[in-house]
Amino acid sequence: MRIGITQRVEVVASYGERRDCLDQQWFCFLERLGMTPVPVPNRLADIGQWAKAMALEGVILSGGNDLGHLPDAQNVAPERDATETALLAWAAESGVPVIGVCRGLQMINSWLGGELVPVSGHTAVRHPLVADAGASCCFRQFTEVNSFHNWSIDAAGLADALLPQCFSAEGHVEAFLHAHLGWAGIMWHPEREPVFCDADKQLFNRIFRGEPCEH
């Protein structure tokens, strides 16, 4: 199964380069699931045409880089914003499942008309999760997650098309499902766990392969 995964942009000033890059752990995580990772480049003229040519069967919007429209955004990458916006449009039109991770969750929510708020105390920590009363069994398995973000979604900022699944102690949305498309968003990083979590693996199999989660 071919899964496109978007890349962060890092500026290497000494070489005058803007580089696409991706944590190697993503390749390990997807390989463990029997999926083939396909890194998505950020400067193509027609990302939808490329995605079709690559025969992508799923898309991961990965973490890193603030969204460019946010106030006081840090380490922004306009080319990445444009790539992911076009990729979401292609996935919606093509019926391709998408999982947004951290920034990826934020991008999906913003693309669908939702809003973000700044949050503190959520960088390089672990914290508990509270499942929504109507959460899918896949999300009820998560009780504690890693956290590496400075922007979040409060209850009023969630896009209308999204269904909350998990919340932080402050009541911010940490995970959602799309009401109609096979899309999900999570604020934590599966690839950063020292041992890949069974609940994460089940969630990715559920979204990309339609496999049921174990209770």
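For the structure itself, consult the block above.
Now for a description of the structure that goes with this document.

Analysis parameters
- Residues numbered from 1 in each chain as written.
- Predicted model: local features only at pLDDT ≥ 70, side-chain atom pairs only at ≥ 80, totals over all residues.
- Heavy atoms only, no water.
- Buried < 20%, exposed > 50% of the residue type's maximum accessible area, 1.4 Å probe, protein only.
- Helix = DSSP H or I, 4+ residues; strand = E, 2+ residues; numbered from the N terminus.
- Pairing = 2+ DSSP bridges.
- Salt bridge = Lys/Arg side-chain N within 4 Å of Asp/Glu carboxyl O.
- Core = buried A, V, L, I, M, F, W, Y, C linked by side-chain atoms within 4.5 Å.
- Contact = heavy atoms within 4.5 Å.
- Phe/Tyr/Trp six-rings, centres within 6.5 Å; stacked < 30°, edge-to-face > 60°.

**Quick notes on unusual backbone geometry**
- In this structure, Ala 55 takes a positive phi of about 55 degrees despite not being glycine.
- Judged by its relative accessible area of 42%, Ala 55 is partly exposed.

**So, the pairing of strand β5 (residues 58-61)**
- What you see with β5 is no split at all: Gly 58 and Ile 60 on one side and Val 59 and Leu 61 on the other are buried throughout.
- For strand β1 (residues 2-6) and β5, the ladder comprises three bridges, and the chain directions are parallel. Across the sheet, residue Ile 5 finds its bridge partner in β5, namely Ile 60.
- Pairing of β5 with strand β6 (residues 98-101), which is carried by three bridges, proceeds in the parallel orientation. Bridge pairing in β6 links Leu 61 to Gly 100.

**Looking at the pattern of salt bridges**
- Under the counting rule described, the total for this entry stands at ten salt bridges.
- In this structure, Glu 79 engages Arg 18 in a salt bridge whose closest nitrogen and oxygen atoms are separated by 2.8 Å. Taken as a pair, Glu 79 in helix α3 (residues 78-94) and Arg 18 in strand β3 (residues 17-21) lie far apart in primary sequence, 61 residues in all.
- Arg 192 serves as the salt-bridge partner of Glu 191, at 3.9 Å between the closest nitrogen and oxygen.
- Judged by relative accessible area, which is 4%, Glu 191 ranks as buried.

**Some details on the nonpolar core**
- Counting 62 residues, the largest nonpolar core has Ile 60, Phe 139 and Phe 204 as the members making the most contacts within it.
- Top element by residues in this core is helix α6 (residues 198-209). It accounts for five residues.
- Among residues more than four places away in sequence, those in contact with Phe 204 are Trp 26, Phe 29, Leu 33, Met 35, Ile 60, Ile 99, Val 101, Ile 186, Pro 190 and Arg 209.

**Things to note about the packing of aromatic side chains**
- A full pass over the atoms with the stated rule returns eight aromatic pairs.
- Taking the centre distance of 5.1 Å and the plane angle of 85 degrees together, the rings of Phe 29 and Phe 204 count as edge-to-face. One end of the pair, Phe 29, is in helix α1 (residues 24-32); the other, Phe 204, is in helix α6, with 175 residues separating them in the sequence.
- Where Phe 204 meets Phe 208, the ring centres are 6.0 Å apart and the plane angle is 70 degrees; that geometry is what we call edge-to-face. Of this pair, Phe 204 and Phe 208 both sit in helix α6, four residues apart, which is roughly one turn of the helix.
- By relative accessible area, which is 6% here, Phe 208 ends up buried.

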